[in-house]
Structures are given as structure tokens and as C-alpha cells.
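Residue-level listing of the chains:
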Amino acid sequence: MLAAGLGSRLQPLTDGTPKTLLAVNGHPILGHILDSLADAGYERVTVVTGYEAEQVRSFCQRDDRLDFEFVHNETFQQTNNSYSLWLARERLREGFVLVNSDTLFPTACLDRLREREGSALVVDRVTDLTDESMKVAVEDGRVRAIGKGIDRADGEFIGLCKFEPDEASALIRCLDNLVERGLTNEWYETAFDRLATDRSIGVVEVHEEWIEIDDREDLRTGQQLWGEA
């Protein structure tokens, strides 16, 4: 789980509070995510922290359903999520599920992701795409390309995916390459896009409501979707 960001578009709500600890329906975003992970049968979570790391760590450690490890991104103000993911590379080699800490999603997505053979991204193929959407092009049931600026898109990546050991090792090599070239401010989807050229990455469709919370409008939508008046 990546939880290092500043959440600057939600200031002043995030002045002194990490975005993932903002409340939605009386429960922090992070709490909703941990509930879904526990309900889906997950046991171990590695959290990459950055901004207000101690708050995130303290919240997680109060949850006795899951075993936590923490990796800290000391340069979270100058780097992007590809670098945060690279910092956790030693935890990725056996295969992993990746969760963004600012996204609310149904537990059923985790269930379908687990049941799907091979590596896969969870994609919304119904929602209207915007310039800010992390777009995915799909061909013959596998990811052909991913990025905000791709020419033809078939859906939006929701920030939830899994990688089996072979693809995880190849992804680490892509992340290594970004870091070696000094490209530490890239989205991790840059590495996913490179990986998709010669690896089979499948697609799991999300059929329920979900929301990535980046700004106040997203937060209001999250409150509506998750039951707060």
C-alpha cells in the first residue's frame, strides 16, 4: 500500500493530516481499505509512508487483524509513487497486490483479483474518461498500454492490481531502470506500460462504485457513495 503523498489538492484538510486518514462516513479512508483487505482474507501489508508517517503507522498498528511492515520514503516531497514502490522492491519479488491508499473500492474487487489467474489490473470500463484518468488500452483481454496520455483507451485503472512473481521481478527491473536514470518523479504506471509490451497483464473489471479521492469534489462523492449524508 502506497501512503506517502502530501494530498496537496485537499489542503487545508491535509495540513497536518495525511489524506488517507480523512474520514469518509465517519471512518478514515485507510480504515475502509484495511477492512476490505481483512475481509478478503489478506494477512500481511507493507505500507510505504511519507507525509505524516507516524500518524499512518499508528493507525495501522491499532488494527490487530493484519501484520504490518513499514517502508519510509524520506524524499516523498520530491518523488512520485514509482519511487515509493521501488523502495518496497524487496517485498515485491514473491508476488504482490498493490493498493493506493486514497482509493475506496468494494471488497468484491479483491475477491475477483485473487480468483483471476496471472497478473492483472482492476479496470473500470464504464466510467467517462477525463484528462486526469489513468487510461488503459486493452487488446485480447490483456493490457496493451497504460497512461494518462495514451491515444485509445478502453477504461480507467483504479489503482488496484496484482503481480505474480515473474511479472513482479520484471517490474522491479523496470523500476530500477527509472531510478538509475533519475526518473524518480514518474508514476508507477510508466513502469507498467513498459512491462505490458512483452508481458501478459490481464484485466479484472470493476462492476461496483469506487472513487479515488484527490480533491474536495472526490471527497464529497466518496461521502455519498459510502453512505454519509
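Structure first, text after, so check above.
All of these numbers come straight from a predicted model, not from anything done at the bench. (Residues numbered from 1 in each chain as written. Predicted model: local features only at pLDDT ≥ 70, side-chain atom pairs only at ≥ 80, totals over all residues. Heavy atoms only, no water.)

Enquirer: Is there a simple way to think about the environment of His72 in this case?
Expert: With respect to the helices and strands, His72 occurs in strand S5 (residues 67–72). Once the C-alpha coordinates of His72 and Asp214 are considered, the two residues, 142 residues apart in sequence, prove to be 22 Å apart. Residues within four places of His72 in sequence aside, it is in contact with Thr49, Gly50, Ala53 and Leu87. Here the side chain of His72 touches Thr49 through a polar contact of 3.0 Å, side chain to side chain. (Helix = DSSP H or I, 4+ residues; strand = E, 2+ residues; numbered from the N terminus. Contact = heavy atoms within 4.5 Å. Polar contact = N/O pair within 3.5 Å; in protein donor to acceptor, adjacent residues only side chain to side chain.)

Enquirer: What should I look at first to understand the side chain of Thr14 in this one?
Expert: If you trace the backbone, Thr14 turns up in the loop between strand S1 (2–3) and strand S2 (23–24). The residues touching Thr14, leaving out its near neighbours within four places in the chain, are Leu6, Gly7, Lys19, Leu22 and Tyr51.

Enquirer: Any chance you could explain the nonpolar core here in plain terms?
Expert: Within soluble globular proteins, side chains that are nonpolar tend to cluster in buried spots. Ranked by size, the top nonpolar core spans 37 residues in total, and within it Leu34, Leu37 and Leu160 carry the most contacts. It is helix H1 (residues 29–39) that provides the largest number of residues to this core, a total of five residues. With residues up to four places along the chain from it excluded, the contact list for Leu34 reads Met1, Phe59, Cys60, Asp63, Arg65, Leu66 and Phe68. (Core = buried A, V, L, I, M, F, W, Y, C linked by side-chain atoms within 4.5 Å. Buried < 20%, exposed > 50% of the residue type's maximum accessible area, 1.4 Å probe, protein only.)

Enquirer: Honestly, the sheet that holds S5 in this entry has me stumped. Any pointers?
Expert: Strand pairing in a sheet takes place through backbone hydrogen bonds and is either antiparallel or parallel in direction. Here three strands make up an open sheet; going across it, the order is S1-S4-S5 and the pairing parallel. Looking at which strands have only one partner, the edges of the open sheet turn out to be S1 and S5. Across six bridges, the pairing between strand S4 (residues 44–49) and S5 is parallel. Residue Val45 lies in a different strand from S5, and its bridge partner there is Phe68. Across the sheet, helix H2 (residues 53–61) touches S1, S4 and S5, and the angle it forms with S5 is around 170°. (Pairing = 2+ DSSP bridges. Axes fitted to C-alpha atoms, helices over the stretch in contact; angles between N-to-C directions.)

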